[in-house]
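As a plain string of letters, each chain reads:
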Amino acid sequence: MNIKMLAPIWLLILIAGLPQISETIYTPSLPDIARTLAVPDAWVEYTLTIYLAGFAVGCLFWGKLSDKFGRKPCLLIGIAIFVLGCIGCYFSDSITFLMISRFVQAFGGSTGSVLGQAITRDVFRGVERGKVYATIAGAISFSPAIGPFIGGVIDQAFGWPSIFLLLMMAGILVFIATTFSLSETHLNRTNSISLGKLTWTLSKDTRVLGFGILVAACNGIHFSYYAEGSFYLIDLLGLSPSVYGLTFVGLAFMAVLGSWVSRTLHDHLNSKEILWRGILVQLIGASLFLILTLAIGAFNGPPLLSLIATIGSMAILAAGSVMVVPSSLSLALEEYQHAIGAASSLFGFFYYALISLFTLGMGLLHNDTLYPMPIYFFGIVLFILVVFLNTIERAEKPSK
């Protein structure tokens, strides 16, 4: 059997997409959750930070385990834990229990990220792997768009707990699909890799650290937008939860466009060159967001202008990110194929821990005005630029 048939791309998209949609689907409900549980807005934003922290811990756990026992059994166990976390979220009647359940949900769901990447690296190589990453990134970019839209509709019709009931059913469907459609791709299992030694090696690898920071910073922008955007667009600009969710369709379209551009450019450019172009696109988006927001505020522009400026700028940022992130993931661990499960695990832990810190920063900056988010995002993109120039650009060897 062709090894590529062991892991069909459509299934990899489902595996990677489930935790993505779980991160964002409930964001239109954040103001409603804050009111229902009688807690400050920032506390509810921290449920996303908790989710990302749980994701980081899960990434650290599943990769090494899958090197020993195989990708498929670990993936199935993780999805089952994810379903249990969804049940806990559904029955949550306090912010504490919701945070605990979100952590459990993320710990299980992290298998979709770390093992989805490990399976892709098991099966694909070189330029083909870069194209597969771009394809998966483009496909799952619909998750953030579909998630908030569906979440907003469900929140208005049935209340926010029903969102987690839907996620539970989605988890069960992915579990069934994985059981019957995924074969084991890690055929040469080993437990000889020292996790401590590998951790030390990766921590000294400037190239790997640079790619991890780029992935974290790009995702940090978007997850911060999911956390802050609901208060920004619903409470400050007056959108309903369902209309707020609909705004993500434009972001998804731009992400798909960026993915298509990235995939097409792989026929002419290497991944690092595509990554650099993605950073420039992000810089344009972040600059527009900051300049337009400051100008509209200075001249007391109407909320509609702020809405257009926000969604348009975030669409450009989404297009840039989908060029940066897949290229970074494809390049980061090229030298660690001999221990790819454990390396993917440590790498995932590193960048998800950083993502949680980025979203925490957005929560700390929340002050019920329109200014913190564009200023924060512009600062993150400048940080991305500095990291690229001072780590990857210097450490990366010329492509052969």
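In this text the structure is predicted, and so the values were computed from the model without any measurement. (Residues numbered from 1 in each chain as written. Predicted model: local features only at pLDDT ≥ 70, side-chain atom pairs only at ≥ 80, totals over all residues. Heavy atoms only, no water.)

For the structure shown, the criterion picks out one salt bridge. Here R207 ties to E334 by a salt bridge, and the two come within 3.0 Å at their closest N and O atoms. In this pair, R207 is assigned in helix α10 (residues 206-236) and E334 in the loop between α14 (303-332) and α15 (340-365), connecting sequence segments 127 residues apart. (Salt bridge = Lys/Arg side-chain N within 4 Å of Asp/Glu carboxyl O. Helix = DSSP H or I, 4+ residues; strand = E, 2+ residues; numbered from the N terminus.)

On to the packing of aromatic side chains. What the rule picks out here adds up to 14 aromatic pairs. Taking the centre distance of 4.2 Å and the plane angle of 35° together, the rings of F55 and Y352 count as tilted. A residue pair is termed long-range when its members are at least 10 positions apart, and F55 in helix α3 (residues 41-69) and Y352 in helix α15 qualify at 297 residues. This pair shows no difference in class: F55 is buried, exactly as Y352 is. Ring centres of Y90 and F91 lie 4.9 Å apart, and the angle between their planes is 85°; on these two criteria the pair is classed as edge-to-face. The exposure class of Y90 is partly exposed, given its relative accessible area of 31%. Through pairs of rings, three or more aromatic residues link up here, namely Y51, F55, F347, Y351 and Y352. (Phe/Tyr/Trp six-rings, centres within 6.5 Å; stacked < 30°, edge-to-face > 60°. Buried < 20%, exposed > 50% of the residue type's maximum accessible area, 1.4 Å probe, protein only.)

So, on to the side chain of S327. Relative to the assigned elements, S327 resides in helix α14. Filtering out sequence-adjacent residues up to four positions away, S327 remains in contact with S262, S271, I274 and L275. (Contact = heavy atoms within 4.5 Å.)

At a minimum axis separation of 10 Å, helix α1 (residues 9-24) and α3 run at an interaxial angle of 155°. As the angle between them shows, α1 and α3 are arranged roughly antiparallel. Of α3, the residues touching α1 (which contributes P19, S22 and E23) are L48, Y51, L52 and F55. Its residues placed into classes, the contact of α1 with α3 shows five nonpolar, one polar and one charged. (Axes fitted to C-alpha atoms, helices over the stretch in contact; angles between N-to-C directions. Parallel < 35°, antiparallel > 145°, perpendicular 65-115°, else oblique. Nonpolar A, V, L, I, M, F, W, Y, C, P; charged D, E, K, R; others polar.)

Okay, the environment of R207 next. Here R207 falls in the buried class, since its relative accessible area comes to 11%. Considering only alpha carbons, one finds R207 and A332, 125 residues apart in sequence, at a separation of 7.2 Å. Within the structure, R207 has its side chain in polar contact with the backbone oxygen of A332 (distance 3.4 Å). (Polar contact = N/O pair within 3.5 Å; in protein donor to acceptor, adjacent residues only side chain to side chain.)

Right, let's talk about the nonpolar core for a bit. Y225, L333 and F377 are the most contacted members of the largest nonpolar core, which totals 110 residues. Looking at which element gives the most residues to this core, the answer is α10, with 17 residues. The residues contacting F377, other than those within four sequence positions of it, are I221, S224, Y225, A286, F289, M314 and M362. (Core = buried A, V, L, I, M, F, W, Y, C linked by side-chain atoms within 4.5 Å.)

Take the packing of helix α12 (residues 248-265) against α14 next. Running from N to C, α12 and α14 cross one another at 35°; their axes reach a closest spacing of 8 Å. By crossing handedness, the relation of α12 to α14 is classed as right-handed. For the pair α12 and α14, contact is made by G250, L251, M254, A255, G258, S259, V261, S262 and L265 and by I311, M314, A315, A318, A319, V322, M323 and S327, respectively. For the contact of α12 with α14, the class distribution of residues is twelve nonpolar, five polar and no charged. (Left-handed = near helix turned anticlockwise from the far one by under 90°.)

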